[in-house]
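Breakdown of the fold
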Amino acid sequence: MSISQYVGHSRKARIAAALIPLAALVACGGQPTKAGAAAPTTRFTENGVTVTLTVSDWHAPHGTLTAVFTPEGKGFHLYSTDLPAAGIEGVGRPTAVDVNGVLRADGKLTASADVRTISVPGVEAPVPVYPDGPVTTTLPIRADGNGEATVLLGYASCSAKEGCTIPVSDRPVRLSVGDGGPTFGAR
């Protein structure tokens with residue numbers, strides 16, 4: 001290989017290496033905010049589930065709030081977003097994402113997984129759940145100006161072998177909305 005071929009090949013490799021992270025971001029539906037900054041993200045683990053929140057596709061005043069619910073144990077499932085607040089005959093709690101403060105829901109919460117039903121001993125009606133493992137939900141949001149907002153999360157995970165974790169209801173996560181868009185954590 002001549003020096004000019006090596007330099008040309010090396011330059012192409014550097015360009016490709018620089019584009020890979022951008023391609024990955026676009027493929028995941030994310031979008032850089034200012035000058036290539038990553039979308040605002042936060043994470044917590046409570047009662048057997050890790051929740052990762054991200055605000056993406058922010059075009060003031062609209063964006064998308066994504067919540068990924070990942071049960072810690074193998075064989076654990078989450079309940080459907082359409083489950084009644086008190087469950088079915090007291091069994092289960094819905095996977096829920098809501099916002100308040102200067103943020104409002106701008107559409108319906110949707111989940112990436114298909115709902116299936118299970119039979120629970122002692123419960124006459126079928127119970128809607130997602131398949132075992134992580135579930136990604138998305139909620140279109142809009143801001144009514146700058147200020148403080150709160151994401152409220154609810155969920156419960158269960159396993160046929162291990163039983164259920166303690167349900168989580170209205171677990172708050174704080175956001176601030178400014179001219180640059182939402183950021184996690186109150187100012």
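Look up a bit, the structure's there.
About the cut-offs
- Residue positions are counted from 1 within each chain, in the order its sequence is given.
- For this predicted model, a pLDDT threshold of at least 70 governs which residues receive local features, and a threshold of 80 or more governs which side-chain atom pairs are given and counted, while totals over whole chains, interfaces and linings are taken from all residues.
- Excluded from the side-chain calculation are hydrogens and water; included are all heavy atoms of the structure.
- The way it works is that DSSP assigns letters per residue, a run of H or I at least four long becomes a helix, a run of E at least two long becomes a strand, and they are numbered from the N terminus.
- Residues are treated as being in contact if the distance between any of their heavy atoms lies within 4.5 Å.
- Under this definition, polar contacts are N or O atom pairs within 3.5 Å; protein pairs additionally need one hydrogen-donor-capable and one acceptor-capable atom, and for neighbouring residues in sequence, both atoms have to be side-chain atoms.
- Any carboxyl oxygen of Asp or Glu within 4 Å of a side-chain nitrogen of Lys or Arg constitutes a salt bridge here.
- Relative accessibility under 20% of the residue-type maximum defines a buried residue, over 50% an exposed one, and the middle range a partly exposed one, all with a 1.4 Å probe and only protein chains included.

1. Observations concerning the environment of T150
Within the element layout of this structure, T150 appears in strand β11 (residues 147–155). Spatially, the C-alpha atom of T150 lies 5.6 Å from that of V99, the residues being 51 residues apart in sequence. If near-sequence neighbours (up to four positions away) are discounted, T150 is found in contact with D98, V99, N100, P172, V173 and R174. There is a polar contact of 3.0 Å between the side chain of T150 and the side chain of R174.

2. Points about the pattern of salt bridges
Within this structure, the stated rule accounts for six salt bridges. In this structure, D82 and K108 form a salt bridge, with 3.5 Å as the shortest nitrogen-oxygen distance. Here the residue D82 occupies a position in the loop between β4 (77–78) and β5 (96–101), and K108 occupies one in the loop between β6 (103–105) and β7 (110–111), the gap between them amounting to 26 residues. Relative accessible area serves as the criterion here: at 56%, D82 is assigned to the exposed category. Between R142 and D106 there is a salt bridge, and its shortest N-O distance comes to 3.8 Å. Here R142 is found in strand β10 (residues 135–143), whereas its partner D106 is found in the loop between β6 and β7, with 36 residues between them in sequence. Classification of R142 as partly exposed rests on a relative accessible area of 29%. Judged by its relative accessible area of 37%, D106 is partly exposed. Here the residues in one salt-bridge network are R104, D106, R142 and D144, joined through shared partners.

Geometry only, nothing functional implied.
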